[in-house]
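So you can see what is in the structure, the chains are spelled out below.
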Amino acid sequence: MNAPSTPHAPGTARESRLMVDRRLFLKGVGVCLGLPVLDSIIPAPLRAATAAAPGPATTATGAPLRMAFVYFPNGANQGNWWPSGLGSDYTLGRTMQPLAALKDKFQVVGGLDLHEADPGNDGGGDHARANATFLTGTRARKTDGSDIHVGVSVDQVAAKHVGHVTRFPSLELSCDSVHKAGHCDTGYSCAYQYNISWQSPTTPMTPEPNPRLVFERLFGSGPPEERQRNYEARLRTQKSLLDFVLDDAHSLQGRLGRRDQDKLDEYLTSVREIETRLQQSASFGPLPRPDMASPTGIPPAYDQHMDLMYDLLALSFQTDSTRIATLLLAGDGTNRAFPEIGIPEGHHYCSHHRGNADLMEKVARIDQFYMQHFSRFLAKLDAMKDTDGKSVLHNSMIVYGCGNSDGNRHTHTNLPVVLAGAGGGTLTPGRSVRYDSTPMTNLYLGMAGRMGVTGVPRIGDSTGVLAGV
């Protein structure tokens, strides 16, 4: 695959073909690098906290501090979502009744806005904007072509600063389809509507919807007794592939024009980042062996799919595989039906109820359906003991919310948001709080600071750290 050593005059057909072949080769290798095999940086068992001063993504007690974002689609039935009363003396609304036993473990946060998802001069496309803006706080460029552009999401801001403390800098999960391109919502690319995590303004972190692949990425493939050996073999294969890519790319570098050299340098930077992650992974010890069988794939029932992904997210925190994660339950605008609860109509159809009592009731039931499974997840985290004797939930910050508030009108103010966990004692759960039209990203800026992110003055449209959470 190395470049021929015989020189050719610039502009000849042979060199033109060489350049095209090289670009196709690198593009092909780039696709390979995006496959699950190169993301299989398997985590070690939870490491005991030391008496040293807390490091990044660490609580005051030395236990891991985790941060996760769970996205549900199409807004909420407002009348059933919001509780009555503020502070600790409040009553849960109908939607949050499944959380009643955990009332002191979370807070309901009102008054947070996502104005960069508003139509502005862009017209329709609120579902795509809701997804793309939810964690970035940045307006998505209206395009369904390759020139997508939004912003870096808060999870990836944190991962770049503190992701080195775990085998996985972050984990991206989904219970929906995976789309990186195509037309989805009124002139917006599907990349916006099916991704909430963005590594750069033009690069989403593609989530994994298959529970089996998530499990194998975290804990290895094959029977339990073979996973460590398979993992080590995979690391050797990955290292060999990266060496091949770097050697071949370096041989090409001197034959490129300035513009192509810049593109190749950017590509090589990404390759070297993967190489660094592979090198770091060797320092995390042997693989954990969780008390969970490897899933066989995506279950046929949506509720089972959600529970499996929640379980894997919980295990990734418990085993300290990562401290940063996102879970997209469904892309905004989904028209999924819910036969599990007797609703044959699609969710998106029901959300545009126009005041119809029957459709509004169905939206309320769908909202509660989602909340039941989120409650199960929180209960699981609450039952997991951490290194400091607290629960994993206590040492976590879990945002559950949507980039649309009222799905009937496509509004992006007063978003439905639950903030679960105590952030290792830095948050005050067990209450309902309401802010006065404040950017959602102000909450994120404070969360990032708690994770140990420094030197980041703002995230998206943030105006400061959200006080009083």
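Structure shown above.
The text that follows walks through the structure, step by step, so that each part is easy to find. It should be emphasised that the depicted structure is a prediction, and the values quoted were computed from it without experimental measurement.

Our focus in this paragraph is the environment of V399. Turning to its location among the elements, V399 is positioned in strand β9 (residues 396-401). Each C-alpha atom of the pair V399 and L443 lies 9.7 Å from the other, and the pair is 44 residues apart in sequence.

Here the focus is the state of the cysteines. Structurally, a disulfide amounts to a covalent bond that connects the sulfur atoms of two cysteines. One pass over the structure, following the stated rule, counts one disulfide. With its sulfur 2.0 Å from that of its partner, C184 forms a disulfide with C190. With the S-S bond torsion at 95°, the cross-link from C184 to C190 turns out right-handed. For C184, a relative accessible area of 28% corresponds to the partly exposed category.

The next subject is the packing of aromatic side chains. Taken as a whole, this structure holds 19 aromatic pairs when the rule is applied. Seen in terms of ring centroids, Y188 and Y192 are 5.9 Å apart; in terms of plane orientation they differ by 75°. Their pairing is edge-to-face. Ring plane angle 20° and centroid distance 4.8 Å describe the contact between Y310 and F377, whose orientation is recorded as stacked. Note that Y310 is positioned in helix α9 (residues 302-318) and F377 in helix α11 (residues 357-383), a separation of 67 residues in sequence. Comparing Y310 with F377 shows no difference in burial state: the two are buried. Every member of this aromatic cluster is reached through a ring pair, and the members are F72, W81, W82, Y310, F374, F377 and Y400. The ring of Y90 has K103 lying over it, and the distance from NZ or CZ to the ring centre is 4.4 Å.

What follows is about the pattern of salt bridges. Across all of its chains, the model carries 15 salt bridges by this definition. A salt bridge links E361 to R94, with the shortest nitrogen-to-oxygen separation between them at 2.7 Å. In this pair, E361 sits in helix α11 while R94 sits in the loop between α2 (78-81) and β2 (106-113), placing the two residues 267 residues apart along the sequence. The partly exposed category is assigned to E361, whose relative accessible area is 33%. Between E208 and R217 there is a salt bridge, with the nearest N and O atoms lying 3.8 Å from each other. Each member of the pair, E208 as well as R217, is classed as buried. Counted as one network, the salt bridges with shared partners bring together D307, D311, R376 and K380.

How each quantity is defined
- Residues numbered from 1 in each chain as written.
- Predicted model: local features only at pLDDT ≥ 70, side-chain atom pairs only at ≥ 80, totals over all residues.
- Heavy atoms only, no water.
- Helix = DSSP H or I, 4+ residues; strand = E, 2+ residues; numbered from the N terminus.
- Disulfide = S-S within 2.5 Å.
- Buried < 20%, exposed > 50% of the residue type's maximum accessible area, 1.4 Å probe, protein only.
- Phe/Tyr/Trp six-rings, centres within 6.5 Å; stacked < 30°, edge-to-face > 60°.
- Lys NZ or Arg CZ within 6 Å of the ring centre and 35° of its normal.
- Salt bridge = Lys/Arg side-chain N within 4 Å of Asp/Glu carboxyl O.

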